[in-house]
Amino acid sequence: FQYFAEVVGRYPTSAKYWKKYAEWEIASGRYDLALQVFHRCVFHVLNVDLWKLYVLFMVTWRPLHEALAAYEAAIELVGQDVRSTTLWTDFIAILKRWHNARARDVKRERVVSGQIAPLVRAEACEALRRLETQAAAESVRETVGTGPQSDKAVEEAVKSMTSEDKSKLLDAKLSALDLPAAEKVGGVDPELIRSAYVRAVCTPLDDIVSVWAGWGNFEADFSNKGLAAKVMAQFQPRYEAARKVAGELQKLYDGLDTTQPALPVKAMTTTMAQNLRKKWNTILLYEKSNPLAFPPNNLGARVAFVYQQCLLQCGYHVDFGFGFCTWLDQTGQQAEALQVLEVVVRRYAPKDVLLRLTLAQIHEERSDGDAAAAEYESILADSVDLCPLALIHLLRLLRRTKPDPGHARKRFLEAVGTKHCTWEVFVAFARSEWHDFGCRATAEGIIKQAVSLFGKVETRVHVAYSEFLMLVNDVAEARRVLSTAVQQFSPSTRPEDYGFLLGRAEHLEERYGTTDSVRALAPYRARLEALQNGTVLNKQAKLFAGGASYETLQKRFAVVGVKPPSGCDKPETVEQANDEEVEMPDFSNSNEPAKPRDLGMLHRLAAQKVVPQGLVNLMAVLPFWPGKVEQQYVDYFLQVLLGAKLPQVSIDLNQAAGALRRRRGLHLNPAMSIGMEEEAAEPAPKKAKTEVIPAVSVP
């Protein structure tokens, strides 16, 4: 007992271990304890194999009405699983047997609306056999009583009964069972059985073909063949779609053991984790594609069910849990989404600060400021490492939810000196004091305290101080703070942080300093570069501090997002275009729309006078057509184009024809012209004059 208790406590979502636990209790004869085990797991571990064991236990050892209730719960909770065919067929077989038992109990033949309704064929199944045995045991127990000795007598009496005797006892109990689904006249409402069949044949099941055949037999028993065919024809398309989807799902689930426990990512091999994630990602993407064409509500419920099954194995992969949360949120189930996020955070990711901050923010958005503050405080209490973000967001929450600024200030003073109160907390709180209350003295005092506490080891706190001084328009003091910090720190301690500090100082001096102040920073830059490159310090200052490239120069001289124009921003020159191997685009297929890459080719070919510039301009103004172009529209466009007055364009046709022959093997007539002036052929130069191709101008 202790072993199983520890195992299911460590892996509470593993159907594999819950099944073993329940089977051990059943094998030990402790049926009441086995029932308790089932009730602890089946309603939150939605695994079809676990539920199959549960319903068989119920029909074997529990009263009849409890067994029927278990089957109804199984259909509602895991009936969407592709492997749940036996749950559906057993449930429908029990309903049929129930109907026949009540029909036989009537002294005369069952009459409904003046017509004689025959009995229906009830398929034999393991569940019915166990129900017969249980009914026989209950009947004997009513005679001999209960107790250790009576249990043995009951067992011997049941063994001595024939199958026919057990069947009669079950029919008697089913006939006496009075539930809303049963008719007082006798039998079960056929609509209850029919609705169960309809739900089953519209659900992708691994043996859906046999379910469809069983429905056909049922309709034939209750009505004539013509009416049965008419009823089933209404659902034929949905059945065919479900059968197709069932085949796809069987392929997707192949090789996936859904009873395995959820393991932490670190406890899994890389290959195992990748394969598991790939399997469930593929299944979820397929289900979200809505292959059954469900309406939004039904699709949301089905995908939510798949997510629940996925988390039984991938709970520690927090992106699946967050994906489930967002899916519920998108389908309008905000309360359920919050519950899922809480479960993911508490059970699988208690150290995930991002998810916990998200949870606190959701509490605040739902007007529950106290719960949000409690979550922030819990993060601070649980975090072993530094977590300044939780403290910063807690202070911001207090500022937003408490009108009196004293609450936030009091909590800040309480945090000063704790491990979570880093210099970032000081800076964030100081900015809040300045922006929200306009109190420079208080804000500057807070930042100065941060500089005094962390300024000897943290370069960025000096940068933050200078940024605050720029906010309050104290440029001179901001320059002084950065210049002092540059001289205080050594580049050999932390080169990256020192480079950031030096870069900010250079940026500030270039905009607001003097020429001398800019020059004063050059030796520090040279020392840093020598350290980074492992070279000897050059006493002569470089022309380009910090390296030379077009990107760095543009950033250096850019102001308010305006960058200086550069030759690197211009199109390719004609010389560069000639050096490339350019393939002539094929425009013979009218069904192919013009693409942006073809325009680039035309620009370069136009510069070589292989293609008229007018064609380039025309393609530039034509709209992009994503689909197929009908021939009639092409003819109409050409008719309008040929009837329009176009400017005269000169082109060397010999050169154009030669270029086309070389590239496409085309045989063109050099003498042909369409509204063009012929020019004498001149020998083409080997390389065109280097010039910038002008941009296409659209009139």
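Criteria and cut-off values
Residue numbers restart at each chain and count upward from 1, following the sequence in its written direction. Per-residue local features of the predicted model are confined to residues with pLDDT of at least 70, and side-chain atom pairs are confined, for both listing and counting, to 80 or more; whole-chain, interface and lining totals are unaffected and use all residues. Only hydrogens and water are set aside when side-chain values are computed; all heavy atoms of the structure are taken into account. Elements are defined by DSSP. Helices are runs of H or I of four residues or more, strands are runs of E of two residues or more, and each kind is numbered from the N terminus. Burial here depends on accessible area, computed with a 1.4 Å probe over protein chains only, as a share of the maximum for the residue type. Under 20% is buried, over 50% is exposed, and the range in between is partly exposed. The contact definition used throughout considers only heavy atoms, calling two residues in contact when any of these lie within 4.5 Å. Site definitions follow a grid-based scheme: protein atoms alone, a 1 Å grid, a 1.4 Å probe that fits but cannot get out for cavities, and for pockets an open set with protein on both sides within 12 Å along at least five of seven lines, plus lining residues having an atom within 4 Å of a point. Grid points are joined across faces, edges and corners, and a volume is the space filled by probe spheres set on the points. All amino acids are sorted into three groups, where Ala, Val, Leu, Ile, Met, Phe, Trp, Tyr, Cys and Pro are nonpolar, Asp, Glu, Lys and Arg are charged, and the leftover types, Gly among them, are polar. N or O atoms within 3.5 Å of each other form a polar contact, as long as, within protein, one can give a hydrogen and the other can take it, and as long as residues adjacent in sequence are counted only when both atoms are side-chain atoms. We call a set of buried residues a nonpolar core when its members are Ala, Val, Leu, Ile, Met, Phe, Trp, Tyr or Cys and they connect through side-chain atoms within 4.5 Å of each other. Here a helix's expected span is defined as the number of its residues, less one, multiplied by 1.5 Å. The term salt bridge refers to a side-chain nitrogen of Lys or Arg lying within 4 Å of a carboxyl oxygen of Asp or Glu. Criterion for a disulfide: a pair of cysteine sulfur atoms at a distance within 2.5 Å. Known as pLDDT, the predictor's confidence for each residue is given on a scale from 0 to 100. Aromatic pairing here means that ring centres of Phe, Tyr or Trp (its six-membered ring) are within 6.5 Å. Orientation follows from the plane angle: under 30 degrees is stacked, over 60 is edge-to-face, and everything else is tilted. Fitted lines through C-alpha atoms serve as axes, helices being fitted only where they are in contact, and the angles separating the N-to-C directions of these axes extend from 0 to 180 degrees. We call two directions roughly parallel when the angle between them is under 35 degrees, roughly antiparallel when it is over 145, roughly perpendicular when it lies between 65 and 115, and oblique otherwise.

(A) Inspection of the overall build of the chain at higher detail. Summing up its helical and strand segments, the chain has 33 helices and two strands in all. Burial statistics for the chain: of 699 residues in total, 40% are counted as buried. A fraction of 61% describes how many contacts in the chain between residues 6 or more apart in sequence connect residues 24 or more apart.

(B) Structural detail: empty space enclosed by the protein. Under the criterion given, the structure shown has three cavities of 30 Å³ or more. Here the largest cavity is characterised by a volume of approximately 50 Å³. Lining of the largest cavity is provided by Gln80, Asp81, Val82, Leu249, Tyr253, Glu287, Arg302, Phe305, Val306 and Gln309. The set of elements that each furnish at least two residues to the lining of the largest cavity consists of α13 (236–253) and α15 (296–314). Sort the elements by how many residues they give to the lining of the largest cavity and α15 lands first, with four residues. In terms of lining, the second largest cavity is formed by Arg62, Pro63, Leu64, Leu131, Gln134, Ala135, Glu138, Leu170 and Lys173. At the level of elements, α7 (126–144) and α9 (163–176) are the ones that each hand at least two residues to the lining of the second largest cavity. It is α7 that contributes the most residues to the lining of the second largest cavity, four residues altogether. Considered class by class, the residues forming the lining of the second largest cavity number five nonpolar, one polar and three charged.

(C) Expanded view of the side chain of Arg411. Summarising the element assignment, Arg411 is placed in helix α21 (residues 406–415). Within the structure, the side chain of Arg411 is placed 3.0 Å from the side chain of Glu377, a separation counted as a polar contact. Sequence-distant contacts of Arg411, defined by excluding residues within four places in its chain, comprise Glu377, Leu380, Leu391, Leu394, Leu395 and Leu398.

(D) Broad picture of the environment of Trp24. Among the secondary structure elements, Trp24 is positioned in helix α2 (residues 15–27). Taking the C-alpha atoms as reference points, Trp24 and Ala34, separated by ten residues in sequence, lie 8.2 Å from one another. Residues within four places of Trp24 in sequence aside, it is in contact with Phe1, Phe4 and Arg30.

(E) Representation of unusual backbone geometry in the model. The backbone phi angle of Ala293 is positive, close to 55°, even though this residue is not glycine. Mapped onto the elements, Ala293 comes out in the loop between α14 (270–288) and α15. Even without a glycine there, the phi angle at Ser367 is positive, about 60°. Tracing the chain through its elements places Ser367 in the loop between α18 (353–365) and α19 (369–382).

(F) Just the nonpolar core, in detail. If you look at the biggest cluster of nonpolar residues, it comprises 107 residues, and the most contacted ones within it are Phe38, Tyr54, Trp215 and Trp280. Sorting elements by how many residues they give to this core places α15 first, with ten residues. With sequence-adjacent residues up to four places away left out, Trp280 is seen in contact with Tyr253, Leu256, Thr258, Val306, Gln309, Cys310, Gln313, Cys314 and Phe320. In terms of nonpolar packing, the next biggest core, distinct from the first, is built from 51 residues, Leu398, Ala415, Val425 and Val451 among them.

(G) A look at helix α26 (residues 495–512). The first and last C-alpha atoms of α26 sit 25 Å apart over 18 residues, in line with the 26 Å expected at 1.5 Å per residue. The inward-facing, buried residues of α26 abut α24 (460–471), α25 (475–488) and α27 (515–533).

(H) Region of the structure containing the pattern of salt bridges. Inspection of every chain in the model, using the stated rule, returns 28 salt bridges. Among the salt bridges present, the one from Arg243 reaches Glu240, with a minimum N-O distance of 2.6 Å. Residue Arg243 and its partner Glu240 are both found in helix α13; the two are separated by three residues, about one turn of the helix. When its relative accessible area of 39% is taken as the criterion, Arg243 is described as partly exposed. Owing to a relative accessible area of 29%, Glu240 belongs among the partly exposed residues under this scheme. One salt bridge in this structure joins Asp436 and Arg399, with 2.9 Å as the shortest N-O distance. Of this pair, Asp436 sits in helix α22 (residues 423–437) while Arg399 sits in helix α20 (residues 388–401), and the two are 37 residues apart along the sequence. By relative accessible area, Arg399 is classed as partly exposed at 29%.

(I) Spatial organisation of the state of the cysteines. Under the definition given, this model contains zero disulfides. Here Cys314 is not disulfide-linked; the sulfur of Cys310 is the nearest cysteine sulfur, at 4.1 Å.

(J) Just the environment of Arg527, in detail. The residue Arg527 is located in helix α27 in this model. The class for Arg527 is partly exposed, based on a relative accessible area of 38%.

(K) Highlighting the confidence of the model for the chain. Per-residue confidence for the chain gives a mean pLDDT of 78; residues scoring 70 or more make up 71%. In the predicted structure, residues 570–602 sits below a pLDDT of 50 and forms 56 contacts with residues beyond four places in sequence or in another chain. Long-range and interchain partners of residues 663–699, a stretch whose pLDDT sits below 50, account for 54 contacts in this model, where long-range means more than four residues apart.

(L) Region of the structure containing the packing of aromatic side chains. As enumerated under the stated definition, the model contains 21 aromatic pairs in all. Ring geometry for Tyr253 versus Trp280: centroids 6.0 Å apart, planes at 85°, classification edge-to-face. Note that Tyr253 is positioned in helix α13 and Trp280 in helix α14, a separation of 27 residues in sequence. Of the residues examined, Tyr253 reaches a relative accessible area of 9% and is grouped as buried. Exposure remark for Trp280: the relative accessible area of 0% places this residue in the buried category. Arranged with centres 5.4 Å apart and planes meeting at 80°, the rings of Phe412 and Phe426 form a pair that is edge-to-face. Linking Phe412 in helix α21 with Phe426 in helix α22, this pair joins segments that are 14 residues apart in sequence. In terms of burial, Phe412 and Phe426 fall into one category: buried. Linked through ring pairs, Tyr3, Phe4, Trp18, Tyr21 and Trp24 together constitute an aromatic cluster.

(M) Just the environment of Arg460, in detail. With respect to the helices and strands, the residue Arg460 is situated in helix α24. For Arg460, a relative accessible area of 33% gives the class partly exposed. Distance from Arg460 to Phe500, taken between C-alpha atoms, is 8.1 Å for residues 40 residues apart in sequence. Arg460 has contacts with Trp423, Asp497 and Phe500, leaving out every residue within four places of it along the chain.

(N) Highlighting α7. Taking 1.5 Å per residue as the helical rise, α7 with its 19 residues ought to reach 27 Å, and the 27 Å between its terminal C-alpha atoms agrees with that figure. Among the residues making up α7, those that are buried are Ala127, Leu128, Leu131, Glu132, Gln134, Ala135, Ala136, Ala137, Glu138, Ser139 and Val140.

(O) A look at the packing of α14 against α15. In contact at an axis separation of 10 Å, α14 and α15 are set at 175° when each is read in the N-to-C sense. When the axes of α14 and α15 are compared, the pair comes out roughly antiparallel. Residues Leu276, Trp280, Ile283, Leu284, Glu287 and Lys288 of α14 form the contact with α15, whose participating residues are Leu299, Arg302, Val303, Val306, Tyr307, Gln309, Cys310, Gln313 and Cys314. When its residues are assigned to classes, the contact of α14 with α15 shows ten nonpolar, two polar and three charged.

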